[in-house]
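Overview (structure and organization)
Each chain, letter by letter, is given below.
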Amino acid sequence: MAKKKASKQNKKNTRVDFTPMVDMMMLLITFFMLCTTLSKPQAMQLVMPSNDQNMTEEDKSVTKASHTITIFLGGNDKIYHIDGLPNYEDPSCIKETTWGKDGIRKVLINHTTEEGINPVAKIMVAKQKLDEKKVSTNMSDEAYQKELSELKNGKIDGEKIPTLTIIIKPLDTASYKNMVDALDEMQICSIGKYVIDKVSPNDEKLLQQRGIK
Amino acid sequence: MGKIKIQKKDVWIDMTPMSDVMTLLLCFFMLTSTFLQPEPVTVNTPSSVSEIKVPENNVLNILVSPKGQIFIGTDNKNDMNAMLQTVTDKFGITLNSTQIKHFREDAMIGAPLNVLGSYLSLDPEKMTEQIQTLGIPTDSIDGGMSEFQEWVKAAREANPDLKVAIKCDATTPYKVVKRMMSELQDMNENRYQLITNLKTAEE
């Protein structure tokens, strides 16, 4: 009888109250959940031209006028573009457009070069095909990046097409967001050649004639 | 009597599965978490479609506030100390041990060199208040390099593998960004990571 009683007591002692521990863990979890950054911020790669003054004229590559678009980012979220080279005599070559898919993106996609093709539209179609191919054939990321960079250079199915060169010139009144948005458009339109440039005195005169701040 | 006994038995709920799950969750959060780096000013980054992740280490963070103040910092405390050493040696500033201790506790550098000493002597609480009014100047010193460039150069010397990550507020005027970038370009730092939030392209 005595033995039985002892074993019964033992059994009762094994139950441990977990509530305080659970409370503690709840607290810890809330602490960690509030203090952590789960989604890491995204980064955008940007390579700026060197400020080196010793660059000779030969180092600068020249693009055809019809392959160039200059974008001006103004204050108050305004955006302007010049198709081809700026004509400093004629302020009306600056056209105003809007942000987003109906504005600047349309301008870029519908831009026709002197060869009579729309390079941005062609490259975007090719990129879409590449994306589909990547999903369906389980293409490795490395191979995808390689093909993408070839596309951006204008090589579609072994055929070389001319690509656009975009010159982005943010005015001092533009905000940083405008610059990032402009770079974003480059990425959406798969444009390989773009550069952020300073506003030259000639541009300034032209903008002043149009009354753009 | 019998009824009461049954009820008493039912009150006890087995917590074990719940605590199991919680331990798992806790472990997950502890292992995956990287703590929010305290920043001297709040900065709301603009959104982009870019999906590249910011590298985890060897990053030189440059923070630009909406007002245009510039702060600089790295993720590695040793690099920060080396930077402090280089810059203070160059400008003949001597700091006592309390000031150096305060510097180590600070996440980012934001004080101009002429007030660096007095800033670091403040109480840590006052420091967080004070730093919001400061910022590293980008004016060149006697036609030479600016304080900002000195810090970047010191960081580059401390760790040659550093990548430059620029974090600006969406409303920061481009003028400030241009100035800072052109100073970086003068030093042949031409590759940047612009830190942004993710958004999907509008169709």
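Treat the numbers as computed from the prediction; the structure is a model and nothing was measured.

Things to note about the overall build of chain A
What chain A contains, in helices and strands, is 7 helices and 8 strands. Taking all 213 residues of chain A together, the buried fraction comes to 38%. Per element, the accessible surface of chain A, about 13,200 Å² overall, is 53% carbon and sulfur.

A few points about the packing of aromatic side chains
Enumeration over the complete set of coordinates arrives at 2 aromatic pairs over all chains. When the centroid spacing of 5.4 Å and the interplanar angle of 75 degrees are considered together, the rings of Phe31(A) and Phe32(A) count as edge-to-face. The interplanar angle of 70 degrees and the centroid separation of 5.3 Å between the aromatic rings of Phe28(B) and Phe29(B) together place this pair among those described as edge-to-face.

Remarks on a nonpolar patch on the surface
Residues Met24(A), Leu27(A), Leu28(A) and Phe31(A) make up a contiguous nonpolar surface patch of about 390 Å² in total accessible area. Note that Leu27(A) resides in helix 2 (residues 19-35).

Here we look at the nonpolar core
Nonpolar side chains in soluble globular proteins tend to be buried together. Met181(B) and Leu194(B) are the most contacted members of the largest nonpolar core, which totals 66 residues. The biggest single contributor to this core is helix 6 (residues 176-188) of chain A, with 6 residues.

Details of the pattern of salt bridges
The tally for this structure, following the rule as stated, stands at 10 salt bridges over all chains. Note that Asp181(A) and Lys177(A) form a salt bridge whose closest N and O atoms lie 3.0 Å from each other. Taken together, the residues Asp181(A) and Lys177(A), both in helix 6 and 4 residues apart, mark about one turn of the helix. With its nearest N and O atoms 3.7 Å apart, the salt bridge here joins Glu183(B) to Arg179(B). Taken together, the residues span about one helical turn, with Glu183(B) and Arg179(B) both in helix 8 (residues 174-186) at a distance of 4 residues.

The rules behind each value
Residues numbered from 1 in each chain as written. Chains lettered and ligands numbered in written order. Predicted model: local features only at pLDDT ≥ 70, side-chain atom pairs only at ≥ 80, totals over all residues. Heavy atoms only, no water. Helix = DSSP H or I, 4+ residues; strand = E, 2+ residues; numbered from the N terminus. Buried < 20%, exposed > 50% of the residue type's maximum accessible area, 1.4 Å probe, protein only. Areas by Shrake-Rupley, 256 points an atom, 1.4 Å probe, with all protein chains shown as cover. Phe/Tyr/Trp six-rings, centres within 6.5 Å; stacked < 30°, edge-to-face > 60°. Patch = residues over 30% accessible without salt bridge, like charges linked within 9 Å, V, L, I, M, F, W, Y side chains within 5 Å. Salt bridge = Lys/Arg side-chain N within 4 Å of Asp/Glu carboxyl O. Core = buried A, V, L, I, M, F, W, Y, C linked by side-chain atoms within 4.5 Å.

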